[in-house]
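What follows is the residue order along each chain.
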2 protein chains.
Amino acid sequence: MTLETLGIQAKQAERELLKLNSTKKNECLRAVADGLVAESEAILKANREDVRIAREKGMTESLVDRLALTEQRIHSMAEGLISLIALEDPIGEILEAKIRPNGLEIGKKRVPLGVIGIIYESRPNVTADAFGLCFKTSNAVILKGGSDAIHSNKAIVSVIRHMLDFCGVTPDAIQLVEDTNRETAKKLMQMNEYLDVLIPRGGAGLIRTVVENSTVPVIETGTGNCHIYVDDCADIEMAVNIIDNAKTQRTGVCNACESLLIHKDIVEQVLPAICERLFGKHVEIRGDENCCRLNGQIVPATEEDWGREYLDYILSAKVVENLDEAIAHINKYNTKHSEAIITKDYEHARRFLDEVDAAAVYVNASTRFTDGFEFGFGAEIGISTQKLHARGPMGLKELTTTKYIIYGNGQIRP
Amino acid sequence: MTLETLGIQAKQAERELLKLNSTKKNECLRAVADGLVAESEAILKANREDVRIAREKGMTESLVDRLALTEQRIHSMAEGLISLIALEDPIGEILEAKIRPNGLEIGKKRVPLGVIGIIYESRPNVTADAFGLCFKTSNAVILKGGSDAIHSNKAIVSVIRHMLDFCGVTPDAIQLVEDTNRETAKKLMQMNEYLDVLIPRGGAGLIRTVVENSTVPVIETGTGNCHIYVDDCADIEMAVNIIDNAKTQRTGVCNACESLLIHKDIVEQVLPAICERLFGKHVEIRGDENCCRLNGQIVPATEEDWGREYLDYILSAKVVENLDEAIAHINKYNTKHSEAIITKDYEHARRFLDEVDAAAVYVNASTRFTDGFEFGFGAEIGISTQKLHARGPMGLKELTTTKYIIYGNGQIRP
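Being a predicted model, the structure only gives us computed values, none of them experimental. (Residues numbered from 1 in each chain as written. Chains lettered and ligands numbered in written order. Predicted model: local features only at pLDDT ≥ 70, side-chain atom pairs only at ≥ 80, totals over all residues. Heavy atoms only, no water.)

Novice: For this particular structure, what's the right way to read the overall build of chain A?
Specialist: Along its length, chain A carries 14 helices and 16 strands. What you see for chain A is a C-alpha radius of gyration of 24 Å, in line with the 22 Å of a compact globule of 414 residues. Here the C-alpha coordinates of chain A stretch approximately 70 × 70 × 35 Å along the principal axes. Here chain A holds 414 residues, and the buried ones make up 59% of them. (Helix = DSSP H or I, 4+ residues; strand = E, 2+ residues; numbered from the N terminus. Rg over C-alpha atoms; globule rule 2.2 N^0.38 Å. Buried < 20%, exposed > 50% of the residue type's maximum accessible area, 1.4 Å probe, protein only.)

Here's what the structure looks like:
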């Protein structure tokens, strides 16, 4: 099937999905969830094939773990779909409405984006997850997964399509690009006629490729070089607890802390406590000269370290003169994701919130909270680090757009 | 000055602009407006140079008219800036705020986009206009105008920068790319490090070039192949008045009507009245076979006509079987701008509003109302025909983004 055929079918599906009400959509989500569980043996069989090939190719076991499905993981996928049922359907909401002096009634109505393209890497659970979010918001989706997961993705998509068909809904609400080569991916990125938006989900390399090659509007997600700044008047115990949590509670995620800035007046008090806690958890600290001088176990950092997203038990650390230097450093090296200050000072907290450029800025809390579930959205398609359309965790509303609907009775423009 | 220098300076200006409150910004807008009027002689002199060169190059008089400034037009530019003073400053607005069960207070705050790039064509008034909208929303702007207007643009930007400096505000809030060649424009479109968004303002060719070449997020504006569909149960007099208005009140604009669809059951009654009115105003009608059969003065349309944005006294016309065909035709050929149905039928009105894919969909009113001022925004930077970030007329709010600000007291993620 050519990409163009997928595009044409997605556009047709878009029109059909517009006509589904929430009750019907929820019925489908439940049926798909049931179908995934009922067909778990077939999905696991396909997944075993992917895992076998991956191991043959020498994939590391930590990546194999991301690729591998289990009975339990399939149940989680199904539960993810079920959880969407309870969420309010954002489609059709009137955001603003007014009557103009000439009697025109102008309303701004929430509508689906249309056709969403999602390019992702090896985790096959994204397949069901992305479908659920797009379907709940009446969007058609074209998925392009990685070659590593192709058998799993085909099996999952096949079950979803079958269940949609069973419910009397067009299976083209979800389509998979089965050709996993890079040229096809690039062509997909330029299908402006058929795609309303493209969302890459994966590592920094994938996201950069999509941003650089796509003519379709992209929502950039993901990379997070997140900082915690310990101000001169921080609560030291709170600082250590938050730094520990943000660095070690889970390391491979975009909202983990990667870099520490410490005010010079508090560094001698706070750094020993931080080192004790983090070294105890086998975190490597790469510090500037000042940090290294205070603790011999700290490894010297290079300029490159300030921009790194380690996604590992590594943390960079630097001593700063004052709040201004901290803000300037963060705005220079961050990826506009999540940034935190630990302080007791009212004015410093205010300035940090105002002047640091990021999707989420925290006072006295862990950066690990930047997440659609933690923010109470009930779902998440990713975390936008760009400024257009959506910024921060994206839930259902971020998969919608608006249209102006205007009721007149013969108005013409004078 | 290299583009990179402009970028670095714009980023610095972005930080400074964040600190200006509304009172200060309004003071600057007034000073700039006064400055433009006071320096009108210098601006007019520069503009005469542009006009002289344009005429030498053989520019048509209608294009020269768009390029030429007058004392009156400079006053209009100044008034445009003054009118922004009265508008509410959207920056700092809290859109949502909530307390999570763990005590975290999460607010969603409206903030500037940062640095906005605007690429535009020959009208020099866009220079002051775009500055005003960006400045009111605390954004720095990098302008790239056309070569035709370079002397005028330099003169206008020079006055604005001088007045900002006079007010104690960084003149780098507005910068002009003085090199007008295409390679520079392409480089600007890939300055992701410095530009948060790029807005092209001009004809279809310019917009396509920007969409195809830009890696910076783009807000697509402008082209409008707008339709009016006359339903079988339309008020004929209303239909004729609206069609006349949408076609002839101003032809060179994106919200003018370019194509007419008429239900087969009403065409014999309504087409003669439409022809009488439009032919009386020297509009050429290009019709399908059915239209041509009913009036010998109608010129046969080609397939290409259905997709044309004439921006002229030309209208395409086609007879359709029913509402379904009208909706399908519009969704196939439109540019997602503005579409109208003339009907007395409740269900047809509803279906048209729901199923036509466009930024603005009208029942019984002229498409000419799709405009920031007509919608009551008090200002307009353009009309977005894409679905991400902004759709339809863009006012001040559309030049902003949001950031999550989170107040904690030591929360860590369990």
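Let's pick the thread back up.
Novice: Explain the interface of chain A and chain B here, please?
Specialist: Interface extent is often summarised as the accessible area lost during association of the parts. Taken together, the contact between chain A and chain B spans 76 residues of the former and 75 residues of the latter. Carbon and sulfur atoms make up 52% of the surface buried where chain A meets chain B, a total of about 6000 Å² over both sides. Interface area lost by chain A to chain B is led by L388(A), Y404(A) and R413(A), which between them contribute 14%. Taken together, the connections running from chain A to chain B amount to 12 salt bridges. A salt bridge links K387(B) to D196(A); its shortest N-O distance comes to 3.5 Å. On the surface where chain A and chain B come into contact, there are 45 residue pairs in polar contact (both at pLDDT 80 or more). (Contact = heavy atoms within 4.5 Å. Buried area = accessible area lost by both parts, 1.4 Å probe. Salt bridge = Lys/Arg side-chain N within 4 Å of Asp/Glu carboxyl O. Polar contact = N/O pair within 3.5 Å; in protein donor to acceptor, adjacent residues only side chain to side chain.)

Novice: For this particular structure, what's the right way to read the UniProt feature "domain: Aldehyde dehydrogenase" (unreviewed entry) in chain A?
Specialist: All names here are of chain A. Under the feature "domain: Aldehyde dehydrogenase" (unreviewed entry), the UniProt entry names residues 9-278 and 314-403. In residues 9-278, helix accounts for 50% and strand for 17%; the two terminal C-alpha atoms are 53 Å from one another. A distance of 47 Å separates the end C-alpha atoms of residues 314-403, which is 23% helix and 31% strand. (UniProt positions renumbered as here; feature names shortened; annotations may be inferred.)

Novice: How should the relation of the copies chain A and chain B be read in this particular structure?
Specialist: One copy of the chain maps onto the other through a rotation about an axis followed by a shift along the same axis. In the superposition of chain A on chain B (RMSD 0.1 Å, axial shift 0.0 Å), the rotation amounts to 180°. Both chain copies can therefore be described as sitting about a two-fold axis. Residue H389(A) of chain A places its C-alpha closer to the rotation axis than any other residue of that unit, at 1.8 Å. Interface residue correspondence from chain A to chain B reaches 99%, placing this contact among same-surface, isologous pairings. (Least-squares fit on C-alpha atoms with pLDDT ≥ 70 in both.)

Novice: Which parts of the structure should I look at to understand the environment of N125(B)?
Specialist: If you trace the backbone, N125(B) turns up in helix α6 (residues 125-136). Distance from N125(B) to L399(B), taken between C-alpha atoms, is 19 Å for residues 274 residues apart in sequence.

Novice: Looking at this model, I keep getting lost on the pairing of strand β12 (residues 338-342) of chain B. Mind explaining?
Specialist: Side chains on a regular strand alternate between the two faces of the sheet. All names here are of chain B. Most of β12 is tucked away, with five of its five residues classed as buried. The alternating pattern of β12 places S338, A340 and I342 and E339 and I341 on opposite faces, both of which are buried. As paired elements, strand β7 (residues 226-230) and β12 share four bridges and run parallel to each other. Residue pairing across strands places I228 opposite A340, the latter belonging to β12. Remark: the β12/helix α14 (residues 346-355)/strand β13 (residues 360-365) crossover connection has right-handed handedness. (Pairing = 2+ DSSP bridges. Right-handed = clockwise from strand over helix to strand, strands pointing away.)

Novice: Quick question: what am I supposed to make of the sheet that holds strand β4 (residues 140-144) of chain B here?
Specialist: Within a sheet, adjacent strands bond to each other through the backbone by hydrogen bonds, running parallel or antiparallel. All names here are of chain B. If you walk across this open sheet you meet the four strands as β5-β4-β3-β6, and the pairing is parallel. Whereas interior strands pair on both sides, the edge strands pair on one side only; in this sheet they are β5 (174-176) and β6 (197-201). Each strand of the sheet is rotated relative to its neighbour by a mean of 20°, with strand direction disregarded. As judged from the five bridges shared by strand β3 (residues 115-120) and β6, these two strands associate in the parallel manner. Counted as the bridge partner of I116 is V197 from β6. (Axes fitted to C-alpha atoms, helices over the stretch in contact; angles between N-to-C directions.)

Novice: Mind showing me how you'd approach the pattern of salt bridges here?
Specialist: Once the charged atoms of two side chains with opposite charge are near each other, the side chains can pair. Scanning the model with the defined rule gives 66 salt bridges over all chains in all. Across the pair E321(A) and K264(A) runs a salt bridge whose closest N-O atoms are separated by 3.8 Å. Within this pair, whereas E321(A) is found in the loop between β11 (314-320) and α13 (323-333), its partner K264(A) is found in the loop between β8 (257-263) and α11 (267-279), the two being separated by 57 residues in sequence. A salt bridge links D371(B) to R413(A), with the nearest nitrogen and oxygen atoms 3.9 Å apart. Taken together, the residues D371(B) in the loop between β13 and β14 (382-384) and R413(A) in the segment after β16 (400-411) connect one chain to another. Across the pair, R413(A) and D371(B) agree in class, each one buried. Among the ionic contacts, a cluster of salt bridges with common partners joins K11(A), E14(A), R15(A), D196(A), K336(B), D357(B), K387(B) and R391(B).

Novice: How do you make sense of helix α7 (residues 150-166) of chain B when you look at a structure like this?
Specialist: Each full turn of the α-helix corresponds to 3.6 residues, which orients residues three or four apart in the same direction. All names here are of chain B. End to end, α7 covers 24 Å across 17 residues, agreeing with the expected 24 Å (1.5 Å per residue, within 8%). When α7 is considered as a whole, its buried residues turn out to be I150, S152, N153, A155, I156, V157, V159, I160, M163 and L164. Remark: G168 follows α7 within two positions and exhibits a positive phi of approximately 80°. (Expected span 1.5 Å × (residues − 1).)

Novice: Where do I start with the packing of aromatic side chains in this structure?
Specialist: Here the distance between the centres and the angle between the planes together describe a pair of aromatic rings. Counted according to the given criterion, the structure contains 10 aromatic pairs over all chains. Seen from their ring centres, Y229(A) and F352(A) are 6.5 Å apart, and the 15° between their planes marks the pair as stacked. Taken together, the positions of Y229(A) in strand β7 (residues 226-230) and F352(A) in helix α14 (residues 346-355) put the pair 123 residues apart, joining distant regions of the chain. Taking the centre distance of 5.0 Å and the plane angle of 75° together, the rings of F375(A) and Y404(B) count as edge-to-face. Residue F375(A) is found in the loop between β13 (360-365) and β14 (382-384), and its partner Y404(B) is found in strand β16 (residues 400-411); the two belong to separate chains. Like Y404(B), F375(A) is buried. (Phe/Tyr/Trp six-rings, centres within 6.5 Å; stacked < 30°, edge-to-face > 60°.)

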